[in-house]
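# Secondary and tertiary structure notes
One letter stands for each residue in the lines below.
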Amino acid sequence: MLYSILDSFINTQQYIAIVTVAAFAICFILLKLKLPFLPKDKGRAFAVNGKASKGKIRGVGLIMICIFVLCSVFLLPITKELICYDILIFLEMLSGYLDDASDNPWSDYKKGFIDLIICIVISIVFVCNNSTTILIFSYEIYIHPVLYVVLSTILLWIGINVTNCSDGVDGLCGSLSIISLLSISLIFFNQIGEQYAVFSFIMVGILISYLCFNTSPSSQLMGDAGSRPLGIMIVLLILKSSHPLSYLLLSAVLLVDGIAGLIKIFLKRFLKIEVLKNVRTPIHDEMRKNHGWSDTQVLIRFSIIQLFISTIQFILCR
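The structure displayed is predicted, hence computed values, not measured ones.

Between helix α4 (residues 80–101) and helix α5 (residues 108–129), the shortest axis-to-axis distance is 10 Å and the interhelical angle comes to 175 degrees. Judged by the inter-axis angle, α4 sits roughly antiparallel to α5. Only K111, I114, D115, I118, V121, I122, V125, F126 and N129 of α5 make contact with α4, whose side of the interface consists of E81, C84, Y85, L88, L91, E92, S95 and D99. Looking at the contact of α4 with α5, its residues break down into 10 nonpolar, 2 polar and 5 charged.

By the bridge criterion, 4 bridges tie strand β2 (residues 133–136) to strand β3 (residues 139–142) in an arrangement that is antiparallel. What sits directly across from I134, in β3, is I141.

What the rule picks out here adds up to 9 salt bridges. One salt bridge connects D108 with R269, and the closest N-O pair in it is separated by 3.4 Å. Note that D108 is positioned in helix α5 and R269 in helix α11 (residues 252–271), a separation of 161 residues in sequence. The class for D108 is partly exposed, based on a relative accessible area of 42%.

Rules behind the numbers
Residues numbered from 1 in each chain as written. Predicted model: local features only at pLDDT ≥ 70, side-chain atom pairs only at ≥ 80, totals over all residues. Heavy atoms only, no water. Axes fitted to C-alpha atoms, helices over the stretch in contact; angles between N-to-C directions. Helix = DSSP H or I, 4+ residues; strand = E, 2+ residues; numbered from the N terminus. Parallel < 35°, antiparallel > 145°, perpendicular 65-115°, else oblique. Contact = heavy atoms within 4.5 Å. Nonpolar A, V, L, I, M, F, W, Y, C, P; charged D, E, K, R; others polar. Pairing = 2+ DSSP bridges. Salt bridge = Lys/Arg side-chain N within 4 Å of Asp/Glu carboxyl O. Buried < 20%, exposed > 50% of the residue type's maximum accessible area, 1.4 Å probe, protein only.

Encoded structure:
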């Protein structure tokens, strides 16, 4: 809507700057209000420093994602594909928020099933509106649409869960997500297009405002309502770039931090195989508990590692 009005007056870079600042300002104001209907964190018994989160405002992802969806509707050209993504991202947020606000946390199976359904629908929407040819360096590989739906569903499901796993240290999930979103948007700007670059920068603005309240010692937590939709967004932009394998580099720290725990739980629960017995997961808990890193050290060191890896991806794409 607003995009069509301003398009003839300003260039793409100026518009991106405007929407980023607008998203930041709106989110900052609403988070500053500390809306009373948001739940309070009860502390996690098995997480490192989990008790320190007790009493903090939780589930502010509800505010973040609602702002994101509204901004993308009013600040971007409206297409059926984009509206579908907005609805599905909102539904993922809603499922996370209901879990955050519940007196009895949802089971992993319930959350996993909801994630799976949303991932399948996103994959189908993507295949119906985009090419299923992917790029590995300069080589084009055509993937049958059915197989593409299967593979992208798996990638989306992994993206949701590893991003969610990183949300255990003040500022970590937000900071790593900003780096991933910016890296994808800047490296693959021509591939994802102006529309999805703006889509990405709206979330960047929202995350920057969130970090004003989430850096140590934090007062607010995004919860599943924020971290799970973020995982969808990052993978969706990766799919839009036609370079799905770049997820391994552009979200490397998120992936490593969370994937070990997912593998550990899967093998133990379904195959009765125990691995990584002496390693705490997510990996940020291993670094805090067994290597003596502070929350700030985890945040800064993990962010530096991701920035370095993203730079490697940038060099490989030149």
